[in-house]
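Report on the structure
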Amino acid sequence: MQSYELISGPLADASVWRGGLLWALALYVPLSAPLNRLESSLEGSKLPESLRQPTLVVSSLLLALAFGVITQLGFSWALGPGWASSLGVVAVGWSALLVLANSNSSDD
């Protein structure tokens with residue numbers, strides 16, 4: 001039987017991408033903090049104001065997605081794809097809990 005897959009390997013598995021998106025969501029807030037340097041460099045650049053914010057958002061999303069897929073691949077190799085995705089769900093919940101706790105403590 002002939003295979004019509006365009007790509008093969010671990011990135012062809014849909015569970016890796018689903019888990020990678022979960023990890024990207026969990027890592028988005030912690031990874032957005034180091035992007036302050038990019039934001040400050042964009043302020044000093046010749047880039048128009050209308051393109052600065054979309055550039056910052058797209059770069060932070062791509063960074064989170066890249067780290068999410070790499071994290072999912074690493075945990076998939078060590079634990080298996082199902083466990084890695086489940087751990088991604090736990091990480092999303094933990095990240096949301098930390099964000100909510102941080103916002104409540106800053107209100108005081």
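Along each chain, the written sequence defines residue order, and numbers are assigned to residues from 1. Two thresholds apply to this predicted model, a pLDDT of at least 70 for residue-level local features and 80 or more for giving and counting side-chain atom pairs, whereas whole-chain, interface and lining totals are computed over all residues. Note that water and hydrogens are dropped before the side-chain values are worked out from all heavy atoms of the structure.

Some points on the overall build of the chain
Helix and strand assignments come from DSSP, with helices taken as H or I runs of at least 4 residues and strands as E runs of at least 2, each series counted from the N terminus. Counting its secondary structure elements, the chain contains four helices and zero strands. Starting at the N terminus and ending at the C terminus, the chain contains elements arranged as α-α-α-α. For every residue, the accessible area (1.4 Å probe, protein chains only) is compared with the maximum for its type, and the residue is labelled buried under 20%, exposed over 50%, or partly exposed between those bounds. By the burial criterion, 23% of the 108 residues in the chain qualify as buried. Contact definition: two residues touch when any of their heavy atoms are within 4.5 Å. A fraction of 71% describes how many contacts in the chain between residues 6 or more apart in sequence connect residues 24 or more apart.

Let's talk about the packing of aromatic side chains
Pairing of aromatic side chains here covers Phe, Tyr and the six-membered ring of Trp, requires ring centres within 6.5 Å, and sorts the geometry by plane angle: under 30 degrees stacked, over 60 edge-to-face, intermediate tilted. Enumeration according to the criterion identifies one aromatic pair in this entry. Ring geometry for Trp 23 against Phe 75: centres 5.3 Å apart, planes inclined by 25 degrees, an arrangement best described as stacked. Taken together, the residues span a long stretch of sequence, with Trp 23 in helix α1 (residues 14-32) and Phe 75 in helix α3 (residues 49-79) at a distance of 52 residues.

Let's talk about the side chain of Arg 52
Inspection of the secondary structure assignment puts Arg 52 in helix α3. Contact partners of Arg 52, with chain neighbours within four places excluded, come to Leu 42, Glu 43, Ser 45 and Leu 47.

Digging into a nonpolar patch on the surface
The patch calculation keeps residues exceeding 30% relative accessible area without a salt bridge and links them within 9 Å when they carry like charges or within 5 Å when they are nonpolar (Val, Leu, Ile, Met, Phe, Trp, Tyr). Computed with the Shrake-Rupley method and a 1.4 Å probe, the accessible areas treat only the protein chains shown as cover for residues. Think of a salt bridge as a Lys or Arg side-chain nitrogen and an Asp or Glu carboxyl oxygen that are within 4 Å of each other. Judged by side-chain polarity, Leu 79, Trp 83, Leu 87 and Val 90 come together as a nonpolar surface patch covering roughly 430 Å² of accessible area. Here the nonpolar patch takes three residues from helix α4 (residues 81-107), the largest share from any one element. When you line up the elements, Val 90 lands in helix α4.

Structural notes on the confidence of the model for the chain
Values of pLDDT, ranging from 0 to 100, describe the predictor's confidence in every residue of the model. On average, residues of the chain score 80 in pLDDT, and 84% of them are at 70 or above. When pLDDT is averaged over each element of the chain, α3 comes out on top at 86 and α1 at the bottom at 79.

Topic: the packing of helix α2 (residues 36-43) against α3
Here the axes come from fitting lines to C-alpha atoms, over the contacting stretch only for helices, and the angles between their N-to-C directions go from 0 to 180 degrees. One can describe the packing of α2 onto α3 by two numbers: an axis separation of 10 Å at closest approach and a directional angle of 160 degrees. Compared by their axis directions, α2 and α3 come out roughly antiparallel. Considering how the two elements wind past one another, α2 and α3 form a crossing that is right-handed. For the pair α2 and α3, contact is made by Leu 38, Glu 39, Leu 42 and Glu 43 and by Arg 52, Thr 55, Leu 56 and Ser 59, respectively. Of the residues assigned to the contact of α2 with α3, the class counts are three nonpolar, two polar and three charged. In these notes the angle categories are as follows: under 35 degrees is roughly parallel, over 145 is roughly antiparallel, 65 to 115 is roughly perpendicular, and the rest is oblique. Note on convention: the crossing is left-handed when the near helix lies turned anticlockwise from the far helix by less than a right angle, right-handed when the turn is clockwise. Under the scheme applied here, ten amino acids are nonpolar (Ala, Val, Leu, Ile, Met, Phe, Trp, Tyr, Cys and Pro), four are charged (Asp, Glu, Lys and Arg), and all others, including Gly, are polar.

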